[in-house]
Amino acid sequence: QVQLVESGGGLVQPGGSLRLSCAASGSILSFRSMAWYLQPPGEERELVASITSGGTTIYADSVKGRFTISRDSALNKVYLQMNSLKPEDTAVYYCRARSLEYMNYWGQGTQVTVSS
């Protein structure tokens, strides 16, 4: 069973930065893709950024130029560097792994709060 554990969330002021980490129980290169999603209170989960096994990245328009997804395959970790944070970035952030068979696995989430 695939396990994903997110960390790095917290409270940050507008304009600040955070780096989220997602530790996977297996090789991240064995997955079709890894991704970060966010879910604000009372809203649906939405894609923030993803990275394929080949290294191709995509970003939501709302985070382009501010967030960067990256990975360390030796550590089986995926990261989300978040800069120039805005109050509207406040949400629970989830890590998702997608297998070659298109099975999705989710972490437990980490809270990010952007507030002064």
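Bear in mind the structure is a predicted one, so any value in this text is a computation, not a measurement.

Caption draft 1: Structural detail: the sheet that holds strand β8 (residues 77–82). An order of β1-β3-β8-β7 is seen for the four strands of this open sheet, with the pairing classed as antiparallel. The two strands at the open ends of the sheet, each matched to only one other strand, are β1 (4–7) and β7 (67–72). With direction set aside, neighbouring strand axes in the sheet form an average angle of 15 degrees. One ladder, built from six bridges, connects strand β3 (residues 18–24) with β8; its direction is antiparallel. Looking at the pairing, Cys22 lines up with Val78 of β8.

Caption draft 2: Here's a closer look at the nonpolar core. Met34, Trp36, Val48, Phe67, Leu80, Met82 and Tyr93 are the most contacted members of the largest nonpolar core, which totals 28 residues. Elements that contribute at least two residues to this core include exactly β3, β4 (33–39), β5 (46–52), β7, β8, β9 (91–98) and β11 (110–114). What Met82 contacts, discounting residues up to four positions off in sequence, is Gly16, Ser17, Leu18, Leu20, Arg66, Phe67, Tyr93 and Val112.

Caption draft 3: The packing of aromatic side chains, seen in detail. As enumerated under the stated definition, the model contains one aromatic pair in all. When the ring centre of Tyr79 is taken as reference, the NZ or CZ atom of Arg19 above it lies at 4.2 Å.

Caption draft 4: Unusual backbone geometry, seen in detail. Positive phi, normally seen in glycine, also occurs at Asn76, with a value near 55 degrees. Along the chain, the position of Asn76 falls in the loop between β7 and β8. With a relative accessible area of 18%, Asn76 lands in the buried category. For Ser84, which is not a glycine, the phi torsion comes out positive at approximately 50 degrees. Take Ser84: it is sitting in the loop between β8 and β9. On the basis of relative accessibility, which here comes to 40%, the residue Ser84 falls in the partly exposed class.

Rules used throughout
Residues numbered from 1 in each chain as written. Predicted model: local features only at pLDDT ≥ 70, side-chain atom pairs only at ≥ 80, totals over all residues. Heavy atoms only, no water. Pairing = 2+ DSSP bridges. Helix = DSSP H or I, 4+ residues; strand = E, 2+ residues; numbered from the N terminus. Axes fitted to C-alpha atoms, helices over the stretch in contact; angles between N-to-C directions. Core = buried A, V, L, I, M, F, W, Y, C linked by side-chain atoms within 4.5 Å. Buried < 20%, exposed > 50% of the residue type's maximum accessible area, 1.4 Å probe, protein only. Contact = heavy atoms within 4.5 Å. Phe/Tyr/Trp six-rings, centres within 6.5 Å; stacked < 30°, edge-to-face > 60°. Lys NZ or Arg CZ within 6 Å of the ring centre and 35° of its normal.

Coordinates in, geometry out; function isn't part of it.
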